[in-house]
Structures are given as C-alpha cells and as structure tokens.
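Architecture and fold: a report
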Amino acid sequence: MSTSLDGYIVGPDGGFDWTVPDEEVFRFWIDEIRGVGVHLLGRRLYETMLYWETAAEDPSLDDAGREWTALWKPLPKVVFSRTLSEVQGRARLASGGLAEEIERLRAEPGEGDIAIGGATLAAEAAVLGLIDEYQVMVYPVLVGGGIPFFARNERQVELELVETRTFGPRVVYLRYRVAR
C-alpha cells in the first residue's frame, strides 16, 4: 500500500490523490501483481478498483493501463464487506472471517502470493499476525491525519529489511519481512 511520510494512507478529507503513481511506479506495480495469486480487499478499495473491471473500454487508456487491466481483471479477489450483497468480475464476497479465509486460501493449490489491500483489512490481518511481508510505497507528503497505515493498537513486530528502491526524486519503496 501507499503511505504519506507521516504514516497515513488516506488524508483527513478522505483523499489519496497524492498516491497516483507516475509511470515508473505504475510499471513496478504491474510487475508486482504478476506474483499475486489472489487479492483480498476491503469494501472501499474494492469500490475504488472497480474501474479496472471495465477500463479496457476506455479509449484514453494507455499501454500500461491496458497491461494492468489484463492482469487485474482475471485475478481472483475476495472482498470483505458488511454492506455489499454482490460483487463483480472475478471477485467473491468473503464467506468467513479474515483468518479463516486466509487459512482456506493457503490450503488450496495454486501459485502466487496472497495480497491484502485496504487499511481496515490490513490492520486486522496485522493484529491477527497474518502478514508475512509489508510492502510500503512512501510518498513525500505530510497529510496531518486520516487513516493510518499501521493500526495504532498493534503489538510490537520485529521486521527485517528485504528491499528498498527509490523512484525518481519522490517515492521510496520499502519491503520488510516479519521476523519469525
């Protein structure tokens, strides 16, 4: 997920337009999604990402956007929501709690990582100890409040730095593995 330098994924006004990726960052995410076997999403992220279900019909979509769409649309997705009664495309509503869904997915045959997106869902996964790696794209902006990247009630978790990368003069990618 993306975060402001002061640790928020969404600002106090609910906006996150400062996370719009430039071409280099978008290319990185295209490459990363190739390694994902299933994506778990909270309702708000699912609704944000719905654009990509029909993006191929957008005549202004560039080559990178078409490539992302071709990877995202067929990707299996599990949506966690208390308010949605149906979802579109290759998505399904979660039938159990987060821990149960992840346990079931880990037991199924298949390739690729289980990605988790959405602040509330990721915070729940962290509290339950279900996260193996944190991948953070840090943007040079201070938003002063909003939804924090890390839940404030989370216990101490030791991490090992696996990778860093700088994108142009603005964005830093950090990848940490949970030390077990």
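Throughout what follows, the structure given in this document is the object of discussion. (Residues numbered from 1 in each chain as written. Predicted model: local features only at pLDDT ≥ 70, side-chain atom pairs only at ≥ 80, totals over all residues. Heavy atoms only, no water.)

1. Considering helix α6 (residues 119-127)
- The set of residues buried in α6 consists of Ala119, Leu121, Ala122, Ala123, Ala125 and Ala126.
- At the exit of α6 stands Gly129, carrying a positive phi of roughly 70°. (Buried < 20%, exposed > 50% of the residue type's maximum accessible area, 1.4 Å probe, protein only. Helix = DSSP H or I, 4+ residues; strand = E, 2+ residues; numbered from the N terminus.)

2. Notes on the packing of helix α1 (residues 23-33) against helix α4 (residues 63-72)
- Contact geometry for α1 and α4: axes closest at 10 Å, N-to-C directions at 25°. Relative to α4, α1 is oriented roughly parallel. Between α1 and α4 lies a crossing of left-handed hand. Here Phe26, Arg27, Trp29, Ile30 and Ile33 of α1 lie close against α4, whose contacting residues are Ala64, Gly65, Glu67, Trp68, Leu71 and Trp72.
- Here the contact of α1 with α4 is composed, by residue class, of eight nonpolar, one polar and two charged. (Axes fitted to C-alpha atoms, helices over the stretch in contact; angles between N-to-C directions. Parallel < 35°, antiparallel > 145°, perpendicular 65-115°, else oblique. Left-handed = near helix turned anticlockwise from the far one by under 90°. Contact = heavy atoms within 4.5 Å. Nonpolar A, V, L, I, M, F, W, Y, C, P; charged D, E, K, R; others polar.)

3. Some words on the layout of surface pockets
- Put simply, the second largest pocket is a space of about 290 Å³.
- Sorting the residues of the lining of the second largest pocket by element identifies β3 (36-42), β4 (77-80), β5 (91-93), α5 (98-107) and β6 (113-117) as the ones contributing at least two each.
- Classifying every residue of the lining of the second largest pocket by side-chain character gives seven nonpolar, three polar and seven charged. (1 Å grid on protein atoms, 1.4 Å probe; cavity = no way out; pocket = protein on both sides within 12 Å on 5 of 7 lines; lining within 4 Å. Points joined across faces, edges and corners; volume = space filled by probe spheres on them.)

4. Quick word on the pairing of strand β7 (residues 133-139)
- By the criterion of burial, β7 is predominantly enclosed, with five of the seven residues buried.
- Two strands pair when backbone bridges link them, and strand β1 (residues 2-4) and β7 are joined in this way by three bridges, in the parallel orientation. Looking across to β7, one finds that Ser4 is bridged to Tyr139.
- Sheet analysis places β7 next to strand β10 (residues 171-178), joined by six bridges and oriented antiparallel. (Pairing = 2+ DSSP bridges.)

All quantities given are derived from atomic positions and should not be read as evidence of function.
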